[in-house]
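Descriptive structure summary
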Amino acid sequence: MSKTISKGALWTGWILSGIVILFMLFDGITKLIKPVEVVEGSISLGYAEHHIVPIGIIALICTVLYAIPRTSILGAVLLTGFFGGAVATQLRVDAPLFSSTLFAVYMGILTWAGLWLRSEKARRLFW
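Residues numbered from 1 in each chain as written. Predicted model: local features only at pLDDT ≥ 70, side-chain atom pairs only at ≥ 80, totals over all residues. Heavy atoms only, no water.

1. Focus on the overall build of the protein
- Helix and strand content of the protein: seven helices and zero strands.
- Listing every helix and strand of the protein by position from the N terminus yields α-α-α-α-α-α-α.
- With the C-alpha coordinates of the protein rotated into their principal frame, the extents come out at 50 × 30 × 20 Å.
- Within the protein, buried positions represent 34% of all 127 residues.
- Once local pairs closer than 6 in sequence are excluded, the contacts in the protein between residues at least 24 apart make up 67%.
- When the 10 basic and 6 acidic side-chain charges of the protein are each reduced to a single mean position, those positions are 20 Å apart. (Helix = DSSP H or I, 4+ residues; strand = E, 2+ residues; numbered from the N terminus. Buried < 20%, exposed > 50% of the residue type's maximum accessible area, 1.4 Å probe, protein only. Contact = heavy atoms within 4.5 Å. Lys, Arg positive; Asp, Glu negative; His and termini not counted. Charge placed at Lys NZ, Arg CZ, Asp CG, Glu CD.)

In structure tokens form, the structure reads like this:
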């Protein structure tokens, strides 16, 4: 009982997923490069400087898994966990709710919406 995904849904799914992938690639790569702004931002959130690179590596691994169709569901699950940690971090430092704390929730919604629209496997998993 497999339905084919319409071209519109497929393109929309890849665009939404692309937004997540590009943002997370940028986030992960900047954590590997460690410009001053990233180091200061991470320290202000309570992380030691030596935690920045491992966080970036985790972000990149989750993102690559999400970008590959065969492992996209695993990547989405891992990104959801990563975003949960981001929400917890923002709550801990009492960041503004809608702009900072919930940003990771918005990314999680984009992650799953993009996957839902582009992957029949993801649709079958939940439907």
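2. Things to note about the nonpolar core
- By size, the foremost hydrophobic cluster in this structure holds 14 residues, and its most contacted members are V20, M24, Y66, L79, F83 and L115.
- Elements represented by at least two residues in this core include exactly α1 (7-33), α3 (52-67), α4 (72-92) and α6 (103-118).
- Sorting elements by how many residues they give to this core places α4 first, with four residues.
- Apart from the residues within four sequence positions on either side, L115 is in contact with S17, Y66, S72, I73, A76 and A122. (Core = buried A, V, L, I, M, F, W, Y, C linked by side-chain atoms within 4.5 Å.)

3. Looking at the environment of F23
- Within the secondary structure, F23 is located in helix α1.
- Taking the C-alpha atoms as reference points, F23 and G114, separated by 91 residues in sequence, lie 14 Å from one another.
- With residues near it in sequence (within four places) discarded, F23 still touches F103 and M107.

4. Concerning α6
- Under the 1.5 Å per step criterion, the end-to-end length of α6 is 23 Å for 16 residues, consistent within 8% with the ideal 22 Å.
- Along α6, the positions that sit buried rather than exposed are A104, M107, G108, T111, G114, L115 and R118. An end-on view of α6 places all buried positions within 135° of arc, on one side of the element.
- Looking at the buried residues of α6, the elements they touch are α1, α3, α4, α5 (97-101) and α7 (120-126). (Expected span 1.5 Å × (residues − 1). Arc of directions from axis to C-beta.)

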